[in-house]
Amino acid sequence: QVHLVESGGGLVQAGGSLRLSCAASGIIFSVDAMAWYRQAPGKQRELVAKISSGGNTNYADSVKGRFTISRDNPKNTVYLQMNSLKPEDTAVYYCNSLVTTTTAPPFEVWGQGTLVTVSS
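For the rest of this paragraph, the subject is the side chain of threonine 114. Here threonine 114 is to be found in strand β11 (residues 114-119). Within the structure, the side chain of threonine 114 is placed 3.3 Å from the backbone nitrogen of glycine 9, a separation counted as a polar contact. In contact with threonine 114, other than residues within four places in its own chain, are Glu6, Gly9, Leu20, Ala91, Val92 and Tyr93.

Unlike most non-glycine residues, asparagine 76 shows phi in positive territory, near 50°. Secondary-structure assignment places asparagine 76 in the loop between β7 (67-72) and β8 (77-82). Positive phi, normally seen in glycine, also occurs at serine 84, with a value near 50°. Turning to its location among the elements, serine 84 is positioned in the loop between β8 and β9 (91-100).

Judged by nonpolar contacts, the single largest core of 29 residues is most densely connected at Trp36, Val48, Phe67, Val78, Leu80, Met82 and Tyr93. Sorting the residues of this core by element identifies β1 (2-7), β3 (18-26), β4 (30-39), β5 (46-51), β7, β8, β9 and β11 as the ones contributing at least two each.

Another point: the state of the cysteines. Inspection of every chain in the model, using the stated rule, returns 1 disulfide. Note on cysteine connectivity: cysteine 22 is disulfide-linked to cysteine 95, with sulfurs 2.1 Å apart. For the disulfide bridge between cysteine 22 and cysteine 95, the dihedral angle about the S-S bond is near -85°, and by the sign convention the bridge is left-handed. With cysteine 22 in strand β3 and cysteine 95 in strand β9, this residue pair connects regions lying 73 residues apart in the sequence.

What counts, and where the lines are drawn
Within each chain, residue numbers correspond to sequence positions counted from 1 in written order. Reporting of local features is limited, given that this is a predicted model, to residues whose pLDDT is at least 70; pairs of side-chain atoms are given and counted only at 80 or more, and all residues count toward the totals for whole chains, interfaces and linings. Derived side-chain values reflect all non-hydrogen atoms in the structure, with water molecules and hydrogen atoms excluded from consideration. Put simply, DSSP marks the helices as runs of H or I at least four residues long and the strands as runs of E at least two long, and each gets a number from the N terminus on. Whenever a nitrogen or oxygen atom comes within 3.5 Å of another N or O atom, the pair is scored as a polar contact, on the condition that within protein one atom can donate a hydrogen and the other can accept it, and that pairs from neighbouring residues in sequence are kept only if both atoms are in side chains. Contact definition: two residues touch when any of their heavy atoms are within 4.5 Å. We define the nonpolar core as a collection of buried residues of types Ala, Val, Leu, Ile, Met, Phe, Trp, Tyr and Cys that are connected through side-chain atoms lying within 4.5 Å of one another. For the exposure calls, accessible area comes from a 1.4 Å probe over protein chains only, and a residue counts as buried if that area is under 20% of its type's maximum, exposed if over 50%, partly exposed in between. When two cysteine sulfur atoms are found within 2.5 Å, that pair is recorded as a disulfide.

Written as structure tokens, this is what we have:
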């Protein structure tokens, strides 16, 4: 089995910063794209940022210039540095990854989610 374990969420004031981490564990052959999604109350889950195995990144327009996604390939870990946080960034943030094991073709894995609350 493969698991994604997130950490780093919490309560922060508007204008502050948080750093989320997500580590993949299990019998992993390779990790392809890794991404962060978020879901605010009453809203659909949306893509926040994505990073390929080669380091190419994509961001939602709403977070460009404020959030930075990065990854540590040997550790199978992805990070999301969030600066200049706004109340509208309040959501549960989910880690997502495309993983290949030695016994299965690539499949998608989701983390359990970590709550980020930004107070005004």
